[in-house]
Amino acid sequence: MNDITDLEVREGVDRETVETVANMGSYKYGWDTEIEMEYAPKGLSEDIVRLISEKNGEPEWMTDWRLKAYRRWVTMQEPSWAMLNYPEIDFQDQYYYARPKSMEAKPKSLDEVDPKLLATYEKLGIPLKEQMILAGVEGADAAPADGRKVAVDAVFDSVSVGTTFKDELAKAGVIFCSISEAIREHPELVQKYLGSVVPPTDNFYATLNSAVFSDGSFVYIPPGVTCPMELSTYFRINAENTGQFERTLIIADKGSYVSYLEGCTAPKRDTAQLHAAVVEIVVLEDAEVKYSTVQNWFPGDEDGNGGIYNFVTKRADCREARAKVMWTQVETGSAITWKYPSCVLRGDDSQGEFYSIAITNNHQQADTGTKMIHLGKNTRSRIVSKGISAGKAQNTYRGLVSMHPKATNSRNYTQCDSLLIGDKCGAHTVPYIEVKNASSRVEHEATTSKVDDDQLFYCRQRGMDEEEAVAVIVNGFAKEVLQALPMEFAMEAQSLVAISLEGSVG
Amino acid sequence: MLKINNLHAKLEDEDKQILKGVSLEVPAGEVHAIMGPNGSGKSTTSYVLSGRDGYEVTDGSATLYGEDLLEMEPEERAAAGLFLAFQYPVEIPGVGNMTFLRTALNAQRKRRGEEELSAAEFLKLIREKGKALNIDADMLKRPVNVGFSGGEKKRNEILQMAVLEPKMCILDETDSGLDVDAMRLVADGVNALRAPDRAFLVITHYQRLLDHIRPDVVHIMSDGKIVKTGGPELALEVEQNGYADLLSEVA
Ligand SMILES: Nc1ncnc2c1ncn2[C@@H]1O[C@H](COP(=O)(O)OP(=O)(O)OP(=O)(O)O)[C@@H](O)[C@H]1O
Ligand SMILES: [Mg+2]
């Protein structure tokens, strides 16, 4: 029996939730910044593609790459297999490029960046100053004393505003910059890897992204290097009627390690906005990448107006032996989510993991999941998906596990749990399983439960109000996934859970 | 402290009357016991007092310190000092026992306009209370009641009571399913909390618990009503002769 005096408190996380619930405003990132913007004309054509390429100062090979994608895209159809219902998107009624006027001449360092832009990120709680971030920031009594550094790349509408800690990262040989800068400064890496995981022909949205992506982040970790700090990108959509198309490319060379965080917010608007990003991760021999997302785009109002339409293609290629990748996502925002972060387990003994919390409330719809493509021998994958639906929301888990003939002795474990709050919402599980060799094994478990009235009453009898009670129960339901997040993000995610479920009971 | 007068309650979705005029009064500083046959409405009384959904009060009143309990939300009743140790404590997967309890305590404190406890202060408090109830660190870390044995669940209810320090404690068959030692711990826990400004309403089937927690008053409930009220000797009578004689006597 453990003695009680050995006990350590490691919480803070749940505190935060409760406090957040108490001071809740429905979408706290819903304000916009008045910044003079420069737009490309509305609509999409070869000229617009050329213009974007020119604005980014790209070499010809890049322009050609985009044009090829564009020509392909015009022949493609929007996919309709997902369990999503939304009005037709008029792709000609969008701006494909917007950037703050002040960014016309690229600032050389963060000191030169428009203070209004920096203030925007400050208001979002994202430090663009190079400073220590204490793990757990406020209210974390258990924060480690040594603090942690997180390097940030901030993308505002179409352009990267700036990247912190560049010098310190450079000392370790790590390249962390905007993708437009990488195209100019590291063309050999970009040419070798861009489109090698998600080819420009992959799917409708990825092809669109390949033609018009404006910016995003680029990461290269050299052989044997453990990245000395967390890397993160914060995406902010600000301009109206503007699609955001970021492109992220991460390359972990042999024996390297990196943990990467992605956060997203957008102002409240009553018209829907399009977001079609592509993330490509290349993991070489013995390397490991952790990619965490807290997606908190504006979900639309209670009646289903506005919100972000989020069509994202994320894929990691474990290209060589013993490569390892872990996707963790907390999806609370967006009106529409269409997203399947995937792992191609090509190298022998490579491993892929996917941990997901998808919360839908009001009229939100999410069709999300993962694909685990086992190509190499002895490959392992693990999927833990927690779907939470409230209000009139629909939440679909769609997952593919595929064991190819050569992927002998491979294993997959899938656990897929759905939690319903109220009786007007829905949860759906659509697993696709293909096993083409006899020595591999796939295990799938799925549960659906409701937030139980007895649990709610128990919490309320102990003093919590209904919203606190729901937040506590839901955070408990999603615990395995929250635990997979880096500590700072776990807190943010817990409070997001509470915020996004506001008004879901009673 | 607690005054229940002619309380009538029926099921919300069914035309079934369960409480048919419960009246009793528990003054501050006293311990009262309720005994009565299965299905007589003991648990229902505790649920109606604490505000669980599914029941409709059709007549009568219930007040705590003169305040109308029936008008309040369950969490308001809790903050006002009403605590129910459940007959069947609920499991909450994934939520650490300590996190749960700290969230609850601070929610109550906040509602009452009191300062919330920091992690350190809370840790000190729970260590102290846990020790007395022989609740080890492992049990505090585990998710609320998940995988707890019957006896552990009941001890956990008493731990929550000890930490929340309510004014009016209702214990619904907290003694059922406890071994002799656990029964002692629970009884000691209750006795340690006895105070001039606190009262207990202990629902039980057995004299055993009442040997340890000496009640001031014993009520017998049958078919939705208190049919007899007396001293501790009433419990002994039930233990020896069962309810049949008692009930025929009042009928
Ligand atoms: N939600 C419900 N639906 C149907 N019947 C109910 C409900 N709640 C209570 N009852 C009925 O009301 C009566 C009183 O139940 P209650 O649980 O209060 O009894 P009790 O005195 O606590 O019994 P025990 O000693 O067995 O715990 C029983 O007949 C029970 O079946
Ligand atoms: Mg009962």
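Scroll up a little and you will see the structure.
Note that the structure is a prediction, hence the values are computed from the model and not measured.

What counts, and where the lines are drawn
Residues numbered from 1 in each chain as written. Chains lettered and ligands numbered in written order. Predicted model: local features only at pLDDT ≥ 70, side-chain atom pairs only at ≥ 80, totals over all residues. Heavy atoms only, no water. Helix = DSSP H or I, 4+ residues; strand = E, 2+ residues; numbered from the N terminus. Rg over C-alpha atoms; globule rule 2.2 N^0.38 Å. Buried < 20%, exposed > 50% of the residue type's maximum accessible area, 1.4 Å probe, protein only. Contact = heavy atoms within 4.5 Å. Areas by Shrake-Rupley, 256 points an atom, 1.4 Å probe, with all protein chains shown as cover. Lys, Arg positive; Asp, Glu negative; His and termini not counted. Charge placed at Lys NZ, Arg CZ, Asp CG, Glu CD. Pairing = 2+ DSSP bridges. Donors = N, O, S within 2.8 Å, 3.2 Å for Na, K, Ca; no water. Phe/Tyr/Trp six-rings, centres within 6.5 Å; stacked < 30°, edge-to-face > 60°. Buried area = accessible area lost by both parts, 1.4 Å probe. Salt bridge = Lys/Arg side-chain N within 4 Å of Asp/Glu carboxyl O. Near = heavy atom within 4 Å. Polar contact = N/O pair within 3.5 Å; in protein donor to acceptor, adjacent residues only side chain to side chain. Nonpolar A, V, L, I, M, F, W, Y, C, P; charged D, E, K, R; others polar. Axes fitted to C-alpha atoms, helices over the stretch in contact; angles between N-to-C directions. Left-handed = near helix turned anticlockwise from the far one by under 90°. Expected span 1.5 Å × (residues − 1).

Chemist: What is the right way to read the overall build of chain B from this model?
Modeler: Counting secondary structure elements, chain B contains ten helices and twelve strands. A globule of 251 residues ought to have a C-alpha radius of gyration of about 18 Å, and chain B, at 18 Å, matches this closely. In terms of principal-axis extent, the alpha carbons of chain B reach across some 55 × 40 × 35 Å. The buried share among the 251 residues of chain B stands at 57%. Intrachain contacts of chain B at a sequence separation of at least 6 include 69% that bridge at least 24 residues. A total of about 10100 Å² of accessible surface is found on chain B, and carbon and sulfur atoms cover 45% of it. Charge centroids of chain B, computed over 29 positive and 41 negative side chains, lie 5 Å from each other.

Chemist: Any chance you could explain the pairing of strand β21 (residues 411–420) of chain A here in plain terms?
Modeler: Along any regular strand the residues' side chains alternate between the sheet's two faces. Residues and elements named next belong to chain A. In terms of residue burial, β21 counts as a mostly covered element, since nine of its ten residues are buried. Note: strand β19 (residues 380–389) against β21, ten bridges, orientation parallel. Paired with Arg-382 across the strands is Tyr-413, a residue of β21.

Chemist: Can you walk me through the coordination of the magnesium ion (ligand 2) in this structure?
Modeler: Residue and element names in this part refer to chain B. Note on the magnesium ion (ligand 2): its protein donors are Ser-43 (OG) and Gln-87 (OE1). The metal-donor distances range over 2.0 to 2.3 Å. Note that Ser-43 is positioned in helix α1 (residues 42–50) and Gln-87 in the loop between β6 (82–85) and β7 (92–96), a separation of 44 residues in sequence. The class for Ser-43 is buried, based on a relative accessible area of 16%.

Chemist: Even after reading the chapter, I still don't get the packing of aromatic side chains, so can you show me in this structure?
Modeler: Given two aromatic rings, their pairing is described by the distance between the two centres and the angle made by the two planes. Residues and elements named next belong to chain A. This model, assessed by the stated rule, comprises 21 aromatic pairs over all chains. Taking 5.4 Å as the distance between ring centres and 70 degrees as the angle between the ring planes, the aromatic pair formed by Phe-91 and Phe-204 counts as edge-to-face. In this pair, Phe-91 sits in the loop between α3 (60–73) and β2 (98–100) while Phe-204 sits in helix α8 (residues 204–212), placing the two residues 113 residues apart along the sequence. Each of the two residues, Phe-91 as well as Phe-204, counts as buried.

Chemist: What is the right way to look at the interface of chain B and chain A in this model?
Modeler: You'll often see interface size given as the accessible area lost when the parts meet. Taken together, the 49 residues of chain B in the interface contact 32 residues of chain A. Per-residue buried area on chain B facing chain A is highest for Glu75(B), Thr103(B) and Arg127(B); these three make up 15% of the total on that side. Where chain B meets chain A, there are four salt bridges. Of all the elements in the fold, those that place two or more residues in the side of chain B that touches chain A are α1, α2 (74–79), β6, β7, α3 (97–111), α4 (119–132), α5 (137–141) and α6 (150–164) of chain B.

Chemist: Got a minute to help me understand the site of ligand 1 in this structure?
Modeler: All names here are of chain B. Near ligand 1 lie 15 residues; those nearest to it are Gly-39, Lys-42, Ser-43, Thr-44 and His-205. Note that an oxygen atom of ligand 1 is positioned 2.9 Å from one of the backbone N or O atoms of Ser-43. In the model, an oxygen atom of ligand 1 is placed 2.9 Å from a nitrogen or oxygen of the His-205 side chain. In isolation ligand 1 offers 640 Å² of accessible surface; the protein chains occlude 65% of this area. If you tally residues by element for the shell around ligand 1, the top one is α1, at three residues. In the shell around ligand 1, the residues fall into four nonpolar, eight polar and three charged.

Chemist: Whenever I open this one, the pattern of salt bridges confuses me. Can you help?
Modeler: A side chain of one charge can pair with a side chain of the opposite charge if their charged atoms are brought near each other. All told, the structure shown has 32 salt bridges over all chains when counted by the stated rule. Measuring nitrogen to oxygen at the nearest pair gives 2.7 Å for the salt bridge that ties Lys254(A) to Glu320(A). Within this pair, whereas Lys254(A) is found in the loop between β8 (247–252) and β9 (257–265), its partner Glu320(A) is found in the loop between β13 (307–318) and β14 (324–331), the two being separated by 66 residues in sequence. Residue Asp216(B) pairs with Arg194(B) through a salt bridge whose shortest N-O separation is 3.8 Å. Remark: Arg194(B) occurs in the loop between α7 (180–193) and β10 (199–203) and Asp216(B) occurs in the loop between α8 (207–212) and β11 (217–222); sequence separation between them is 22 residues. In this structure Asp216(B) comes out as partly exposed when scored by relative accessible area, which is 36%.

Chemist: Help me understand the packing of α3(A) against α8(A), please; the structure alone is not making it clear to me.
Modeler: In a packed pair of helices, the relevant descriptors are the angle between the two axes and the axis-to-axis distance. Residue and element names in this part refer to chain A. Closest axis-to-axis distance for the α3/α8 pair is 7 Å, and the angle between their directions is 145 degrees. At the point where α3 passes α8, the crossing takes the left-handed sense. Every residue of α8 that contacts α3 at Trp-65, Arg-66, Ala-69, Tyr-70, Arg-72 and Trp-73 is listed here: Phe-204, Thr-207, Leu-208, Ser-210, Ala-211 and Val-212. For the contact of α3 with α8, the class distribution of residues is eight nonpolar, two polar and two charged.

Chemist: Mind showing me how you'd approach α4(B) here?
Modeler: An α-helix turns once per 3.6 residues; consequently, residues spaced three or four apart project the same way. All names here are of chain B. Along its 14 residues, α4 runs 20 Å from first to last C-alpha, staying within 8% of the 20 Å computed at 1.5 Å per residue. Against α3, α5 and α6 lie the buried residues of α4. Looking one or two residues beyond α4, the residue adopting positive phi is Asn-134, at roughly 60 degrees.

Chemist: Is there a simple way to think about the side chain of Ser389(A) in this case?
Modeler: Residue and element names in this part refer to chain A. Mapped onto the elements, Ser-389 comes out in strand β19. Relative accessible area serves as the criterion here: at 0%, Ser-389 is assigned to the buried category. Among all residues touching Ser-389, those that are not within four sequence positions of it are Thr-360, Asn-395, Leu-419, Leu-420, Ile-421, Cys-425, Gly-426 and Ala-427.

Chemist: Can you walk me through the sheet that holds strand β2 (residues 17–26) of chain B in this structure?
Modeler: In a beta sheet, neighbouring strands pair by backbone hydrogen bonds and run either parallel or antiparallel. Residues and elements named next belong to chain B. On the basis of which strands lie adjacent, the open sheet formed by four strands has the order β2-β1-β4-β5 and antiparallel pairing. Strands with a single pairing partner mark the edges of an open sheet, and in this sheet they are β2 and β5 (67–68). Judged from the eight bridges that link them, strand β1 (residues 2–11) and strand β4 (residues 55–64) form a sheet pairing that is antiparallel. Bridging from a neighbouring strand, Lys-3 pairs with Thr-63 of β4.

Chemist: What exactly am I supposed to notice about the environment of Gly36(B) here?
Modeler: Residue and element names in this part refer to chain B. Structurally, Gly-36 can be placed in the loop between β3 (31–35) and α1. Residues Gly-36 and Asp-223, 187 residues apart in the sequence, show an inter-C-alpha distance of 8.9 Å. Leaving out residues up to four positions away in the same chain, Gly-36 has contacts with Lys-42, His-205, Met-221 and Tyr-243.

Chemist: Just checking my understanding: could you explain the sheet that holds β6(B) for this structure?
Modeler: Residues and elements named next belong to chain B. The sheet built from six strands is open, its strands ordered β6-β9-β10-β3-β11-β12 with mixed pairing. Whereas interior strands pair on both sides, the edge strands pair on one side only; in this sheet they are β6 and β12 (225–230). Looking at each pair of strands side by side, their axes are set apart by 20 degrees on average, direction ignored. Direction of pairing for strand β9 (residues 168–172) relative to β10: parallel, over a ladder of five bridges. By the bridge assignment, Leu-171 is partnered in β10 with Val-202. Across the sheet, α1 touches β3, β6, β9, β10 and β11, and the angle it forms with β6 is around 145 degrees.

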